[in-house]
Amino acid sequence: MIKRYEYIGDDVVADIRDRYGFDGDLAYYFALNKTHLVHKWHHYIPLYDRYFGRFRRKPVRMLEIGVKDGGSLQMWRRYLGPEAIIFGVDIDKKCAALNGLFAQVRIGSQNDAAFMASVIDEMGGVDIVLDDGSHQMDHIKASLEVLFPLMSEGGVYMIEDLHAAYWSGHGGGLDAPANFFNTVRRVIDDMHSPYHNSDTLEPALAGAVTGLHIHDSIVVIDKGRVSLPVHSKIV
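Residues numbered from 1 in each chain as written. Predicted model: local features only at pLDDT ≥ 70, side-chain atom pairs only at ≥ 80, totals over all residues. Heavy atoms only, no water.

### Things to note about helix α6 (residues 137-147)
Here is step 1 of the chain: Within α6, eight of the eleven residues are buried, leaving the element largely enclosed by the surrounding structure.
Here is step 2 of the chain: Contacts made by the buried residues of α6 are with β1 (61-65), α5 (113-123), β4 (126-131), β5 (151-159), α7 (180-191) and β7 (218-223). (Buried < 20%, exposed > 50% of the residue type's maximum accessible area, 1.4 Å probe, protein only. Helix = DSSP H or I, 4+ residues; strand = E, 2+ residues; numbered from the N terminus. Contact = heavy atoms within 4.5 Å.)

Right under this line is the structure:
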C-alpha cells in the first residue's frame, strides 16, 4: 500500500526540485511564505505553474474556494502579480479579517449557487477557478456546475485534494456513485459525443471542455470553443 507522508526536512524548495524537477518562482513563493499559513502537497506546485503560468503579470481573474489562514492567497498574489483580480471564498466568518490583505474575501458556502454567482459577477468574470474548499463531493460538483459556465473561454478550472473522492466522510469511496471521478468519466464521454449517440451526461460542461487533465489528487478542466472534429487524407 502506498502511503503519503508530511515532509519533515528543512529545504522545501530542494525537495520540490529533487522530486519533480521544478525550480520555478512558485516553489520559493510557497516555501518562503512565512506570515500566513499555506498548506500544499509538494507535487501541486509544478502543476500550478504548468496550468497557471501563462496568466502571470496579466489582469487575470482568479477565484480560490477555501481561504483558511490566507497563505494561499498571499502566494497567488506574489505569483500572479499586482494586476491580477483575486478573490477567495470561505464559509468561515473568521476569514473576513483577511479581506483586502492579499485579495478580496467573501463569506459564504461554495454549495450556494446564488452566492457563488454573485462573487463572479462582482469579479467581472473569472479566468481561473481553484477549488480547495470543503472537498465534499456534492459541494465540488455544485460549484463546478455553477462556475464553469461563467468562466471565460480559455479559462482553467482546477480541483485539488481529490484523494477525498475515496473517503466516505467526504461523500466518496472507491465504488461510491458520488465519487467525483465518476463525474470526470461522464465528462470524457460528453467530450467524445461525436462518436456515439448517448445523451449528454454533464450538461453544465457540455460543448465547452477542450481538455481534461488528471494528476494525483488534481483534475484540471480547460474551457474553450469546441469544434466538430474533422480529418483529412493527404497524398
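### Comments concerning the sheet that holds β4
Here is step 1 of the chain: Read across the sheet, seven strands follow the order β3-β2-β1-β4-β5-β7-β6 without closing on themselves; strand pairing throughout is mixed. If you trace the sheet from one side to the other, it starts and ends with β3 (104-107) and β6 (209-215), each paired once. The mean inter-strand angle of the sheet, taken between neighbouring strand axes irrespective of direction, is 15°.
Here is step 2 of the chain: The pairing of β1 with strand β2 (residues 85-90) spans five bridges and is classified as parallel. Considered in β2, the bridge of M62 is made with I86. (Pairing = 2+ DSSP bridges. Axes fitted to C-alpha atoms, helices over the stretch in contact; angles between N-to-C directions.)

### Re the environment of H36
Here is step 1 of the chain: Secondary-structure assignment places H36 in the loop between α2 (25-31) and α3 (44-52).
Here is step 2 of the chain: Distance in space between the C-alpha atoms of H36 and D69 is 6.0 Å, their sequence separation being 33 residues.
Here is step 3 of the chain: Setting aside residues no more than four positions away along its own chain, H36 makes contact with D69, G70, G71, Q74, L98, L101 and F102.

### A closer look at the packing of aromatic side chains
Here is step 1 of the chain: Per the counting criterion, the structure on display carries seven aromatic pairs.
Here is step 2 of the chain: With a centroid separation of 6.1 Å and 70° between ring planes, the pair formed by Y44 and Y48 is classed as edge-to-face. Residue Y44 and its partner Y48 are both found in helix α3; the two are separated by four residues, about one turn of the helix.
Here is step 3 of the chain: The exposure class assigned to Y44 is buried, which follows from its relative accessible area of 1%.
Here is step 4 of the chain: Y48 sits in the buried class, given a relative accessible area of 0%.
Here is step 5 of the chain: When the ring of F148 is compared with that of Y157, the centres are 6.5 Å apart and the planes differ by 55°; the resulting orientation is tilted.
Here is step 6 of the chain: Judged by its relative accessible area of 0%, F148 falls in the buried class.
Here is step 7 of the chain: Looking at Y157, the relative accessible area reads 0%, which means it is buried.
Here is step 8 of the chain: A connected cluster of aromatic rings, assembled from ring pairs, spans Y44, Y48, F52, W76 and Y79.
Here is step 9 of the chain: The lysine or arginine in question, K223, covers the ring of F148, its NZ or CZ lying 5.4 Å from the ring centre. (Phe/Tyr/Trp six-rings, centres within 6.5 Å; stacked < 30°, edge-to-face > 60°. Lys NZ or Arg CZ within 6 Å of the ring centre and 35° of its normal.)

### Quick look at the nonpolar core
Here is step 1 of the chain: In this structure, L26, I45, Y48, F52, W76, L80 and M158 are the most contacted members of the largest nonpolar core, which totals 34 residues.
Here is step 2 of the chain: When contributions to this core are tallied by element, the ones reaching two or more residues are α2, α3, α4 (71-80), β4, β5 and β7.
Here is step 3 of the chain: Here this core gets six residues from one element, more than from any other, and that element is α3.
Here is step 4 of the chain: Discounting chain neighbours no more than four positions away, the residues touching I45 are I16, F22, L26, A27, F30 and K40. (Core = buried A, V, L, I, M, F, W, Y, C linked by side-chain atoms within 4.5 Å.)

### Thoughts on the packing of α3 against α4
Here is step 1 of the chain: Relative orientation of the contacting elements α3 and α4 amounts to 45°, with a least axis distance of 13 Å. In terms of orientation, α3 lies oblique with respect to α4. Both α3 and α4 take part in a crossing whose hand is right-handed. Packed against α3, whose contacting residues are Y48, D49 and F52, the element α4 presents M75, W76, Y79 and L80 at the interface.
Here is step 2 of the chain: A per-class count over the contact of α3 with α4 returns six nonpolar, no polar and one charged. (Parallel < 35°, antiparallel > 145°, perpendicular 65-115°, else oblique. Left-handed = near helix turned anticlockwise from the far one by under 90°. Nonpolar A, V, L, I, M, F, W, Y, C, P; charged D, E, K, R; others polar.)

Everything listed is a geometric property; what it means functionally is a separate question.
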